[in-house]
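Each chain is listed here by its residues.
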Amino acid sequence: MAPPKKSQTEKKLAALTKQVLADPNTARIAEKLGIPLEEYVQQVVYFATHPKAEPNLLVVRDADLRAMGRPPPDENEMGRYLIEAVKMGEATSKTEYSDPEKRLVTMSDLPAGKPDTRKANPRLKAELDRQLRGKRGGKT
């Protein structure tokens, strides 16, 4: 009996996994993070294939940190870290268009029908017509 055929997705995931494993830094990063290589590769592949996914917050006990040779952070250090993380999250999600004071525009706010061209700038219209004729090579 022949083995089942792999789907395109499975082939892409296998190729990506192979590519991540071929990188000489992969094993060093996993070792530095203190996690098994397979687990690290699995996470890299997941986040590479799900770019909008957010990593989970990992809570580590002080005793486990000490066992890894890392001193646990004090309360002030953790407070500063959390404040910076919140600021960073807010800074990356805000745009100049996300003013909380302004209400969102809906389709019902837009005028119906054709735009009123009576108020159009005649010089601007002439310039636009000239440019369009130049690109087409003919008259409008």
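For the structure itself, look to the data block above.
These numbers come from a predicted model, not from an experiment.

Draft legend 1. Layout of the overall build of the protein chain. Regarding its fold elements, the protein chain presents 6 helices and 0 strands. A burial count over the protein chain gives 5% of its 140 residues as buried. Accessible area of the protein chain: about 13700 Å², with a carbon and sulfur share of 58%.

Draft legend 2. Quick peek at the side chain of T26. Relative to the assigned elements, T26 resides in helix α2 (residues 24-33). In this structure, T26 is in contact with V20, L37, Y40 and V41, ignoring residues within four places of it in sequence.

Draft legend 3. Molecular detail of the packing of aromatic side chains. Scanning all chains against the criterion turns up 1 aromatic pair. Ring centres of Y46 and F47 lie 5.3 Å apart, and the angle between their planes is 80 degrees; this geometry places the pair in the edge-to-face category. The partly exposed category is assigned to Y46, whose relative accessible area is 41%.

Draft legend 4. A look at the pattern of salt bridges. By the definition in use, this model includes 2 salt bridges. Of the charged contacts in the structure, one is a salt bridge between R130 and E127, with a shortest N-O distance of 2.6 Å. A residue pair is termed a helical-turn pair when its members lie 3 or 4 positions apart in one helix, as R130 and E127 do in helix α6 (residues 122-136) at 3 residues. For R130, a relative accessible area of 47% gives the class partly exposed. Judged by its relative accessible area of 32%, E127 is partly exposed.

Draft legend 5. Inspection of the environment of T17 at higher detail. Here T17 lies in helix α1 (residues 8-22). Taking C-alpha positions, T17 is 9.8 Å from Y46, a pair spaced 29 residues apart along the chain. Ignoring any residue separated from it by four or fewer positions in sequence, one finds T17 in contact with V41 and V45.

Draft legend 6. Expanded view of a nonpolar patch on the surface. Residues L58, V60 and M68 make up a contiguous nonpolar surface patch of roughly 290 Å² in combined accessible area. Topologically, M68 is positioned in the loop between α4 (62-67) and α5 (75-93).

Draft legend 7. Structural context of the packing of α2 against helix α3 (residues 37-49). For the pair α2 and α3, interaxial distance at closest approach is 9 Å and the crossing angle is 110 degrees. The angle between α2 and α3 falls in the class roughly perpendicular. Taking contact as the criterion, the partners of T26, A27, I29, A30 and L33 in α2 are, on α3, L37, Y40 and V41. Per-class residue counts for the contact of α2 with α3 are 7 nonpolar, 1 polar and no charged.

Draft legend 8. Broad picture of the packing of α1 against α3. Where α1 contacts α3, the axes come no closer than 10 Å and their chain directions differ by 125 degrees. Looking at the two axes, α1 sits oblique to α3. Taken as a pair, α1 and α3 cross one another with a handedness that is right-handed. On α3, the residues that touch L13, L16, T17, V20 and L21 of α1 are L37, V41, V44, V45, A48 and T49. Classifying every residue of the contact of α1 with α3 by side-chain character gives 9 nonpolar, 2 polar and no charged.

Basis of the calculations
- Residues numbered from 1 in each chain as written.
- Predicted model: local features only at pLDDT ≥ 70, side-chain atom pairs only at ≥ 80, totals over all residues.
- Heavy atoms only, no water.
- Helix = DSSP H or I, 4+ residues; strand = E, 2+ residues; numbered from the N terminus.
- Buried < 20%, exposed > 50% of the residue type's maximum accessible area, 1.4 Å probe, protein only.
- Areas by Shrake-Rupley, 256 points an atom, 1.4 Å probe, with all protein chains shown as cover.
- Contact = heavy atoms within 4.5 Å.
- Phe/Tyr/Trp six-rings, centres within 6.5 Å; stacked < 30°, edge-to-face > 60°.
- Salt bridge = Lys/Arg side-chain N within 4 Å of Asp/Glu carboxyl O.
- Patch = residues over 30% accessible without salt bridge, like charges linked within 9 Å, V, L, I, M, F, W, Y side chains within 5 Å.
- Axes fitted to C-alpha atoms, helices over the stretch in contact; angles between N-to-C directions.
- Parallel < 35°, antiparallel > 145°, perpendicular 65-115°, else oblique.
- Nonpolar A, V, L, I, M, F, W, Y, C, P; charged D, E, K, R; others polar.
- Left-handed = near helix turned anticlockwise from the far one by under 90°.

Any functional reading would require information beyond the geometric quantities listed.
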